[in-house]
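# Geometric and topological summary
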Amino acid sequence: KNKICLVGGGSTFTPGIVKSIVERSEELNLREVVLYDINEERQKKVAVIVEWILREQLKSDVILTVTTDAEEAFTDAKFIFAQMRVGGYKMREKDEKTPLSFGCVGQETCGPGGLAYGLRTIGPMIELIDQVEKYALEDHWILNYSNPAAIVSEACRKMRPNARIINVCDMPIAIIDMIAGSLNIADTSEIKYDYFGLNHFGWFTSITYRERDLLEEIKHYVNEHKILLPPQYIERLKENRATGDRHAVSSWIHVWESVYTMLQAFPDYLPNTYLTYYLLQKETVEHQNPDLTRANEVMNTREKALFEGVDKYLATGEVDEASFHAGSHGDWISDLAVALLNDTKSRFLVITENKGAIPNMPYDAMVEVPAYIGENGPEVITQEPIPLFYQGLMMQQLNSEKLIVEAYIENSYEKALQSFSLNKTIPSVNVARSVLNALIEENKSYWPEL
Ligand code: G6P
Ligand code: MN
């Protein structure tokens, strides 16, 4: 029977992911779930909720182990779900605020903040791969959704080409959910789509549901409502502002609104909301609050509610619905594990080496494309060449990401500066240099010396 380990056990997403895993106990032939984190205190609190979900909600007898020891965590593990956040929310706050103070987009995975986060995460990810290879089952799989996934996956490809790792992101799924909600489709499992891009940088080229062309339908919807969110959802989210639901807060609403502007300009494909940061840089900066970014929202709401809920439960035994509610964030990643284990050849979007899938992108580019998932990992599906506009945007972003990985490997300030200068969120080389220098100061204990 299988052991599954969650790296970043102290994450606020952990309860939802464990719930999804345990709900698939049979298909995953599950024996044990391990939470592993370097932050013992944080993980202990999250584990209270996980334990409650397992025993009270799901009535499961799966073994739960909570540890800060890598050997204990990985020994004989079949799957390692990786969701580490190097530097925690404190550093996420800096990734968002420092670029903003130089007039650049402040985002955890896009622009200067994303590049900074990338330089922090490469080392620990490589260390993780090495530890897993040492202790886990030989035919283990690492399912990685640690951000910034584009940079992390390029670093893994380059530095550990034989690692059994699959990089994934839930944003396209989140977008499909919003489309389904907007168009009143209850059963998302029958929605089929094509997509190409890099991580947090891609487009849907077709979306269908049975005989319906949802891409056309959603374009009409967005034109009419000037936002890609279901009306009832917008209402509910406004009410729920205080709970920290990710879509309820202003910074997320803005990206759903931006889809309208992007579609007006380029109506061919439906853009991933993350393209807002690259195509509407100026508007994003104007919209962002330099003193209250997404990191603050998450700390003040989702994180706070969770930890307060745990404290209350420990003191009184009372279960607070909101903080013990585990979302379905983990469904898709657990389905991916099911596909790998049972060789289902189901179709998933993954971040993987291009190998010709997009004919006019480099062979070794880490792209986000549909693939069939079986026991040997992803088999990418070949696509048509992509039009010049999209290819141009992608090449610029890809090379910015590749250069930051090279900067890490070669300890090269020059390459880091090239990476920043090439990034579409940064308007000038002088700004690139200033932001980079500020981020070097802040990341002293995390980055290699450039
Ligand atoms: C989406 C992205 C993830 C990202 C998350 C941030 O799900 O695909 O890569 O981590 O949003 O959500 P948060 O609520 O922490 O801002
Ligand atoms: Mn993502």
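Every chain begins its residue count from 1, and numbering advances along the sequence as written. Working convention: letters from A go to chains and numbers from 1 go to ligands, in the order in which they are written. Residues qualify for local features only when their pLDDT is at least 70, as the model is predicted, and side-chain atom pairs are given and counted only at 80 or more; totals for whole chains, interfaces and linings, by contrast, use all residues. The basis for the side-chain values is all heavy atoms of the structure; hydrogens and waters are excluded.

### Here we look at the packing of helix 2 (residues 40-57) against helix 13 (residues 294-316)
Keep this limit in mind: Lines fitted to C-alpha atoms define the axes here, with helix axes fitted over just the stretch in contact, and angles between the N-to-C directions of these axes take values from 0 to 180 degrees. In this description a helix means any DSSP run of H or I spanning at least four residues, a strand means any run of E spanning at least two, and both kinds are numbered starting from the N terminus. What sets the label is the angle itself: under 35 degrees gives roughly parallel, over 145 gives roughly antiparallel, 65 to 115 gives roughly perpendicular, and the rest give oblique. The contact criterion used is simple: two residues touch if any of their non-hydrogen atoms lie within 4.5 Å. Only Asp, Glu, Lys and Arg are considered charged in this grouping, and only Ala, Val, Leu, Ile, Met, Phe, Trp, Tyr, Cys and Pro are considered nonpolar; every other residue, Gly among them, is considered polar.
The contact between helix 2 and helix 13 brings their axes to 10 Å, and the two run at 70 degrees. The angle between the axes of helix 2 and helix 13 places the two elements in the roughly perpendicular class. Residues Arg42, Lys45, Val46, Val48, Ile49 and Trp52 of helix 2 form the contact with helix 13, whose own contacting residues are Glu303, Leu306, Phe307, Val310, Asp311, Tyr313 and Leu314. Here the residues of the contact of helix 2 with helix 13 sort into 9 nonpolar, no polar and 4 charged.

### What to know about the coordination of the manganese ion (ligand 2)
Under the convention used in this document: Metal donors were taken as nitrogen, oxygen and sulfur atoms no farther than 2.8 Å from the ion, or 3.2 Å where the ion is Na, K or Ca. Water is excluded, so coordination may look unfinished. For each residue, the accessible area found with a 1.4 Å probe, counting protein chains only, is set against the maximum for its type, and the residue is called buried under 20%, exposed over 50%, and partly exposed in between.
Donor atoms from the polypeptide that bind the manganese ion (ligand 2) are Cys169 (SG) and His200 (NE2), placed at 2.2 to 2.4 Å. Here the residue Cys169 occupies a position in the loop between strand 6 (165-167) and helix 7 (171-182), and His200 occupies one in the loop between strand 7 (191-198) and strand 8 (201-209), the gap between them amounting to 31 residues. Here the two residues Cys169 and His200 agree in accessibility, since each one is buried.

### Focus on the packing of aromatic side chains
Formally: Between 30 and 60 degrees the pair is tilted, below 30 it is stacked and above 60 it is edge-to-face, where a pair is any two Phe, Tyr or Trp rings, Trp via its six-membered ring, whose centres lie within 6.5 Å.
Counted according to the given criterion, the structure contains 17 aromatic pairs. For the ring pair Tyr269 and Tyr390, a centre distance of 4.9 Å and an interplane angle of 50 degrees mean the geometry is tilted. Of this pair, Tyr269 sits in the loop between helix 10 (250-265) and strand 10 (270-271) while Tyr390 sits in helix 16 (residues 388-410), and the two are 121 residues apart along the sequence. A residue is classified by how much of its surface remains accessible, and Tyr269, at 17% relative accessible area, is buried. Centroid distance Trp332 to Phe348: 6.1 Å. Interplanar angle 45 degrees. Geometry classified as tilted. You can see Trp332 sitting in helix 15 (residues 331-342) and its partner Phe348 sitting in strand 11 (residues 346-353), a full 16 residues away along the chain.

### Section: the pattern of salt bridges
Put simply, the rule reads: Each reported salt bridge corresponds to a side-chain nitrogen of Lys or Arg within 4 Å of a carboxyl oxygen of Asp or Glu.
Taken as a whole and assessed by the stated rule, the structure comprises 32 salt bridges. One salt bridge connects Glu216 with Lys219, and the closest N-O pair in it is separated by 3.2 Å. With a gap of 3 residues between them, Glu216 and Lys219 both fall in helix 8 (residues 214-225), about one helical turn apart. Judged by its relative accessible area of 14%, Lys219 is buried. When the shortest N-O distance is used, the salt bridge between Asp364 and Lys402 registers 3.4 Å. Taken together, the positions of Asp364 in the loop between strand 11 and strand 12 (366-374) and Lys402 in helix 16 put the pair 38 residues apart, joining distant regions of the chain. Overall, the relative accessible area of 14% leaves Lys402 in the buried class. One salt-bridge network, held together by shared partners, links Arg85, Arg92, Glu96 and Glu108.

### Some details on the packing of helix 4 (residues 88-101) against helix 5 (residues 111-135)
Where we set the bar: Crossings are sorted by hand: turned counterclockwise from the far helix by less than a right angle, the near helix makes the crossing left-handed, and turned clockwise it makes it right-handed.
Interhelical geometry of helix 4 versus helix 5 gives an angle of 145 degrees and a closest axis separation of 8 Å. Crossing angle aside, the handedness with which helix 4 passes helix 5 is right-handed. Side by side, helix 4 and helix 5 meet where Met91, Arg92, Asp95 and Pro99 of the first sit next to Pro112, Gly113, Ala116, Tyr117 and Arg120 of the second. Looking at the contact of helix 4 with helix 5, its residues break down into 5 nonpolar, 1 polar and 3 charged.

### Let's talk about helix 16
To keep things clear, this is the line we draw: For a helix, the expected span equals 1.5 Å multiplied by the number of residues minus one.
In this model, helix 16 (23 residues) spans 32 Å end to end at C-alpha, consistent with the 33 Å of a helix rising 1.5 Å per residue. Where helix 16 ends, the next residue or the one after it, Asn411, has phi of about 50 degrees, a positive value.

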